[in-house]
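Given next are the chains, with one letter for each unit.
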Amino acid sequence: MAGMAERDDPEVIGRRVQQLRTERGLTQRQLAEPVYTPAYISTVEAGRVRASEPALRHIAERLGVGYEELATGRPAGFATELRLRLTGAQRTFATGATEAAAEGFEFVLAEAEEHGLMNEQADALLGLGECALETGDLQTAQLRFEQAEQRLGDAPLPARVPALRGRAVAHYLAGELRYSCYLFESTLDELNRTGMHDPDALLVLYAGVIGPYMDMGAHARAAQAAELALALAPQSGDPALVARMHRAVARTMIAEGRTAEADASLAKASELYRQLQTRTELANCHWMRGYLHAQNGDYERAEAELREARCMLSAKRAALYTSQVAVELADVLHRRGKSDEASELLREVISDLTSERGALHSAAAHRLLGIIAEDARAMDAAEEHYVRALSLLERAGAAGDLADLCRLLGDLYRRTGRVEAALDAYRTGLGHRTTPGTTTLGPAPAQPPL
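Model, not experiment: these values are computed from the prediction.

### Let's talk about the UniProt feature "coiled-coil region" (unreviewed entry) in the protein chain
Logical step 1: In the numbering used here, UniProt assigns the "coiled-coil region" (unreviewed entry) feature to residues 292-319.
Logical step 2: The span residues 292-319 shows a helical share of 79% and a strand share of 0%, and its end C-alpha atoms are spaced 23 Å apart.

### Brief notes about helix H10 (residues 138-151)
Logical step 1: Taking 1.5 Å as the rise per residue, H10 with 14 residues should run 20 Å; its terminal C-alpha atoms sit 20 Å apart, in good agreement.
Logical step 2: Among the residues of H10, those classed as buried are Leu138, Ala141, Gln142, Arg144, Phe145, Gln147, Ala148 and Glu149.
Logical step 3: On its buried face, H10 sits against helix H8 (98-114), helix H9 (118-135), helix H11 (157-173) and helix H19 (319-335).

### Quick look at the packing of aromatic side chains
Logical step 1: Summed over all chains, the structure comprises 2 aromatic pairs.
Logical step 2: Pairing tyrosine 36 with tyrosine 40 gives two aromatic rings, centres 5.2 Å apart and planes at 20°, and the pair type is stacked.
Logical step 3: Accessibility expressed as a relative area gives 23% for tyrosine 36, which makes it partly exposed.
Logical step 4: Looking at arginine 85, its charged tip hangs above the ring of phenylalanine 107, at a distance of 4.0 Å from the centre.

### Notes on the UniProt feature "domain: HTH cro/C1-type" (unreviewed entry) in the protein chain
Logical step 1: In the numbering used here, UniProt assigns the feature "domain: HTH cro/C1-type" (unreviewed entry) to residues 17-70.
Logical step 2: Strand forms 0% of residues 17-70 and helix 65%; the C-alpha atoms that close the span are 7 Å apart.

### Concerning the nonpolar core
Logical step 1: Ranked by size, the top nonpolar core spans 126 residues in total, and within it Phe105, Leu133, Tyr206, Met245, Leu346 and Tyr386 carry the most contacts.
Logical step 2: Among the elements that make up this core, the one with the highest residue count is helix H13 (residues 199-216) (12 residues).
Logical step 3: In contact with tyrosine 386, other than residues within four places in its own chain, are Arg367, Gly370, Ile371, Glu374, Leu405, Leu408, Leu409 and Leu412.
Logical step 4: One finds Ala55, Leu56, Leu63 and Val65 within the second-largest nonpolar core, a separate group that totals 16 residues.

### Things to note about the packing of H9 against H19
Logical step 1: Running from N to C, H9 and H19 cross one another at 35°; their axes reach a closest spacing of 4 Å. Facing H9, whose interface residues are Leu133, Glu134 and Thr135, H19 presents Ala319, Leu320 and Tyr321.
Logical step 2: Along the lines of polarity and charge, the residues of the contact of H9 with H19 split into 4 nonpolar, 1 polar and 1 charged.

### A few points about the confidence of the model for the protein chain
Logical step 1: For the protein chain, the average pLDDT comes to 88, and 95% of its residues sit at 70 or higher.
Logical step 2: Here helix H1 (residues 2-7) stands out as the element of the protein chain with the lowest mean pLDDT, 39, in contrast to H10, whose mean of 96 is the highest.
Logical step 3: Low pLDDT, under 50, characterises residues 1-7; the predicted model gives this stretch 15 contacts beyond four residues in sequence or across chains.
Logical step 4: Counting contacts from residues 436-440, a segment whose pLDDT is below 50, to residues more than four positions away or on other chains yields 10 contacts.

### Considering the pattern of salt bridges
When the charged atoms of two side chains lie near each other, side chains of opposite charge can form a pair.
Logical step 1: In total, this model carries 31 salt bridges according to the counting rule given.
Logical step 2: The shortest N-O distance in the salt bridge between aspartate 215 and arginine 251 comes to 2.6 Å. Placement of aspartate 215 in helix H13 and of arginine 251 in helix H15 (residues 239-255) is noted, with a sequence separation of 36 residues between them.
Logical step 3: Looking at arginine 251, the relative accessible area reads 21%, which means it is partly exposed.

### So, the environment of threonine 27
Logical step 1: By the element assignment, threonine 27 lies in the loop between helix H2 (10-23) and helix H3 (28-32).
Logical step 2: It is 8.5 Å that separates the C-alpha atoms of threonine 27 and proline 38, two residues lying 11 residues apart in sequence.

### Observations concerning the environment of arginine 307
Logical step 1: Within the secondary structure, arginine 307 sits in helix H18 (residues 299-315).
Logical step 2: Overall, arginine 307 belongs to the partly exposed group, its relative accessible area being 34%.
Logical step 3: The spatial distance from the C-alpha of arginine 307 to the C-alpha of alanine 326 is 8.3 Å, given a sequence separation of 19 residues.
Logical step 4: Not counting residues within four places of it along the chain, the set of residues in contact with arginine 307 comprises Leu329, Leu333 and Glu341.

Quick notes on the rules
- Residues numbered from 1 in each chain as written.
- Predicted model: local features only at pLDDT ≥ 70, side-chain atom pairs only at ≥ 80, totals over all residues.
- Heavy atoms only, no water.
- UniProt positions renumbered as here; feature names shortened; annotations may be inferred.
- Helix = DSSP H or I, 4+ residues; strand = E, 2+ residues; numbered from the N terminus.
- Expected span 1.5 Å × (residues − 1).
- Buried < 20%, exposed > 50% of the residue type's maximum accessible area, 1.4 Å probe, protein only.
- Contact = heavy atoms within 4.5 Å.
- Phe/Tyr/Trp six-rings, centres within 6.5 Å; stacked < 30°, edge-to-face > 60°.
- Lys NZ or Arg CZ within 6 Å of the ring centre and 35° of its normal.
- Core = buried A, V, L, I, M, F, W, Y, C linked by side-chain atoms within 4.5 Å.
- Axes fitted to C-alpha atoms, helices over the stretch in contact; angles between N-to-C directions.
- Nonpolar A, V, L, I, M, F, W, Y, C, P; charged D, E, K, R; others polar.
- pLDDT = per-residue confidence, 0-100.
- Salt bridge = Lys/Arg side-chain N within 4 Å of Asp/Glu carboxyl O.

Printed below as a string of structure tokens:
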């Protein structure tokens, strides 16, 4: 709160009083009467005394300004007006106008910094972090969330959870699965061990950690996080959090073969997002439903859902998410016998996906291009794509996907007569399969008393 401390300093207030008095052509005696003396006004203006609230209110009335403006330098109602601007930027972001929302958040941040409003600074930085996630600028997103957390350094941990969650998601999208899990788990552990069982904070974290768990192969922990999230949902008063939770939980249900329950969770999430008019999250529901239909072998419906998701995200200029959906769509197109269209789609987006930006989907794109090349008997091209995918997955630590890729690479080596290389690939794959994420993440975090 350095900004507020400076503005409440007696010398700062004294200079403000002197400036306003001079502008209005008043003497110290005219400002003081009838309650105070000119000498007292002189000591206030010199910053030698901290004026009491009644004294400041008297001076403010004589100067024709509000008490808040005199004491802090902010016009009356400024904080309320700024909060309204912040809410407007948040609504703009929800409707899909990311660039306009970012401009709104930047305005709020600048005004809040000028006037020392730390909570408004933190909220504006959170908004800018979400905008950066939306556009795929993950380094900027990490920076903005870190800055938001710094502004809230003295706040209780539940208040800092949205910033921590944002950092964890940014690292997850960058392919840093283990560090993402560490951020989620360490925060959950601290909340639960210290008795700060804030249901919204816990719901944010349990819903957020499911994706990294699943991609690391830590399915048992993902399922447990989903169960805890479902148990916490009735205690939350935030429908957006509940909707996000239902979308995340659906992924564990799909993995467990509980497709009807997964579909029901996605239906609940979609309805909540329609009510909230949150376009990106609604697009993500279409994305997840497409994935669900693909897992069930209903590729026609999967294609329709994924095309809808891609169209909605593209309209919002959500570049990273659009590219990720395109990879999922290409997989479905290949399964429907549209391999040429799938290849063309993958080549369009693969340059946008790197080891630092969408590592898992970049690996998936190379894996699929390898399969398509192998089907076309282009073995050298297939091997090149598989090796690129392997490198990306090893960096991310995605155990389940690594095991599957090693099997594909081993099969390729075997078909081309390289038996020893095939055996090495199979052994590597078995090593990843027998070392699931649950054995490499350390002890599970403490749980809330549900």
